[in-house]
Amino acid sequence: MKKIYTYLAIIISLISFETAKSQDAQFSQMETLPLLFNPAATRVFSNNDINIGAQYRNQWSSLSSSINTFALSYNMPVGEKWAVGGYVKNTDEIGIINTFSFIGSASYMITQPKSRRYILSVGAQIGFIYKRINAEKLSFDDQYDEGYFNIDLPTGETFIRQNSIMPDANIGFNYRNINLSNRFRPFAGLSAYHITYP
């Protein structure tokens with residue numbers, strides 16, 4: 001009976017992942033900001049230090065306007081098995097769409113802190129996302145006059161609101177091999193982001 005519940009939970013999870021669609025900022029060198037990719041990575045390091053990371057990405061800079069993304073993260077241990085942290089992230093998409101996230105994070109180490117082989121942890125994040133659309137920079141079909149685009153023509157579009165604040169929540173599981181005697185030390189994680197479906 002327990003196997004049936006396990007399989008049912010896996011199937012429901014896979015179906016819900018199909019319906020939850022979003023596009024987040026993309027960074028290379030993801031190991032510098034592990035909080036952005038898995039809440040359980042809040043304490044991904046085996047030491048007891050405070051970890052601070054920052055990244056900036058300017059995408060498509062050869063165009064007249066580019067996509068700029070900045071993120072800053074912070075995490076630290078609290079006791080032997082807990083860790084807390086958070087991150088802020090801002091994405092400016094060509095001056096049309098701006099997304100700002102402020103997320104708090106916590107993780108719990110399942111394995112014993114003195115383990116020298118691997119670390120297993122689970123984590124959760126909660127915060128908010130602020131999205132703003134600059135409607136003045138949008139163009140619509142109504143602005144074409146006899147085949148030519150005229151920015152001075154009215155768009156015929158009305159926006160009830162141009163910004164929104166939404167709650168955001170994320171969960172994750174993380175495995176990291178820390179056995180220094182192994183040449184190959186894999187790590188893996190599973191996370192679900194935006195489970196509040198912004």
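Rules used throughout
Residues numbered from 1 in each chain as written. Predicted model: local features only at pLDDT ≥ 70, side-chain atom pairs only at ≥ 80, totals over all residues. Heavy atoms only, no water. pLDDT = per-residue confidence, 0-100. Helix = DSSP H or I, 4+ residues; strand = E, 2+ residues; numbered from the N terminus. Buried < 20%, exposed > 50% of the residue type's maximum accessible area, 1.4 Å probe, protein only.

A.B. asks: Could you give me a rundown of the confidence of the model for the protein, with the residues and numbers involved?
C.D. replies: Summarising the model, the protein shows a mean pLDDT of 80, and 80% of its residues fall at 70 or more. Across the protein, strand β4 (residues 97-109) holds the top mean pLDDT of 92, while helix α1 (residues 2-19) sits lowest at 61.

A.B. asks: Can you lay out unusual backbone geometry for me, pointing to particular residues and giving the numbers?
C.D. replies: Residues other than glycine seldom take positive phi values, yet Glu 146 does so here, at roughly 55°. Assignment of secondary structure puts Glu 146 in the loop between β6 (144-145) and β7 (148-149). Assessed through its relative accessible area of 75%, Glu 146 is described here as exposed. With a phi close to 55°, His 194 is a non-glycine residue in the positive phi region. You can see His 194 is positioned in the segment after β9 (187-192). Taking relative accessible area as the criterion, His 194 reaches 8% and is therefore assigned buried.

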